[in-house]
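This is what each chain is made of:
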Amino acid sequence: MSLNSAIPFLVLFHSCIIMVTLASDPDPVFDFCIPTTISKTTCKNSSLATVEDFVFPGIKHPGKFTETGFASIPVNVKVFPGLNTLGMSLARADFEVGGVNVPHFHPRATEVAYVLEGKIYSGFVDTKNKIFAKVIERGEVMVFPKGLVHFQMNVGDSRATILGSFDSENPGLVKIPSAVFGSEIKEELLEKAFGLSSEEIAKLRKKLTPH
Ligand SMILES: *[C@@H]1O[C@H](CO)[C@@H](O)[C@H](O)[C@H]1NC(C)=O
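Residues numbered from 1 in each chain as written. Predicted model: local features only at pLDDT ≥ 70, side-chain atom pairs only at ≥ 80, totals over all residues. Heavy atoms only, no water.

A. Quick peek at the sheet that holds strand E8 (residues 131-137). Pairing in this open sheet of five strands is antiparallel, and the strands run E8-E7-E10-E5-E12 from one edge to the other. Of all strands in the sheet, those with a lone pairing partner are E8 and strand E12 (174-175), marking the two edges. Bridge count between strand E7 (residues 119-125) and E8: seven bridges; the pairing is antiparallel. Note on E8: the bridge partner recorded for Val125 is Ile131. (Pairing = 2+ DSSP bridges. Helix = DSSP H or I, 4+ residues; strand = E, 2+ residues; numbered from the N terminus.)

Here you go:
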């Protein structure tokens, strides 16, 4: 995994100084860099790379379904080292009838989701809390801009499958319900933030804390 490149520069405008920072996955400086098992920042000698370094067979079948009827297999640099330094990754997601991919965001990537099968109510919310959502079907794509909260639900009468593509080798995933209620944020804060009783908070915590 490579460090995010950050290109800070100064813009002089009248007498104001504005600091601008642009950041994204860096452009690769080699054809590829299969990380060694010792260090993710040193590459395997390229003459030792084989085609298997560039093939990931693990998304032929759906992953393990959660209690919301959703299964996802992220194919990022952690499971597919061949993506190292290449600035992209993908994920397969499957939905049971009525299955839900809970509101979540990817801190480091924009996602384009392509519907392979099924009908999916799909959307995101921008920083003004405006919602952009509709049912998309097989063969259609939707883009979820980087860092914005998005969600999906299978509204068809059969299983649905999508393929998400990301412009980062390691997009990151923050699921809103578990980030808020499944972490150890002080209960009093959550009660005030959501107007919930201590019993209601306890119930959500029990449901959303990873075990
Ligand atoms: C990479 O491997 C080749 C072939 O084994 C060898 O000739 C070369 O010196 C190696 N390069 C490095 C940087 O270790």
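B. Spotlight on the state of the cysteines. According to the stated counting rule, one finds one disulfide in the structure shown. The side chain of Cys33 participates in a disulfide bridge whose partner is Cys43; the two sulfur atoms lie 2.2 Å from each other. With the S-S bond torsion at -95°, the cross-link from Cys33 to Cys43 turns out left-handed. Taken together, the residues span a long stretch of sequence, with Cys33 in the loop between strand E2 (16-24) and strand E3 (70-75) and Cys43 in the loop between E2 and E3 at a distance of ten residues. (Disulfide = S-S within 2.5 Å.)

C. Representation of the nonpolar core within the structure. Grouped together as the largest cluster of nonpolar side chains are 13 residues, with contacts concentrated most on Ala93, Phe95, Ile120, Phe124, Met142, Phe144 and Ile162. Counting residues per element, the ones that place at least two in this core are strand E4 (89-95), strand E6 (111-117), E7, strand E9 (141-144) and strand E11 (160-166). Excluding its chain neighbours within four sequence positions, the residues that come into contact with Ala93 are Phe70, Ala71, Ser72, Ala160, Thr161 and Ile162. Formed by five residues, the second largest nonpolar core is a distinct cluster that contains Val180, Leu190, Ile201 and Leu208. (Core = buried A, V, L, I, M, F, W, Y, C linked by side-chain atoms within 4.5 Å. Buried < 20%, exposed > 50% of the residue type's maximum accessible area, 1.4 Å probe, protein only. Contact = heavy atoms within 4.5 Å.)

D. Representation of the packing of aromatic side chains. Counting across every chain of the model gives five aromatic pairs. With centroids separated by 5.5 Å and ring planes inclined at 35°, the aromatic side chains of Phe56 and Phe80 adopt a geometry described as tilted. Of this pair, Phe56 sits in the loop between E2 and E3 while Phe80 is found in the loop between E3 and E4, placing the two residues 24 residues apart along the sequence. The exposure class of Phe56 is partly exposed, given its relative accessible area of 24%. Residue classification places Phe80 among the buried positions, given a relative accessible area of 12%. Ring centres of Tyr121 and Phe151 lie 5.9 Å apart, and the angle between their planes is 35°; this geometry places the pair in the tilted category. Of this pair, Tyr121 sits in strand E7 while Phe151 sits in strand E10 (residues 149-154), and the two are 30 residues apart along the sequence. When its relative accessible area of 29% is taken as the criterion, Tyr121 is described as partly exposed. On the accessibility criterion, Phe151 (12% relative accessible area) is buried. (Phe/Tyr/Trp six-rings, centres within 6.5 Å; stacked < 30°, edge-to-face > 60°.)

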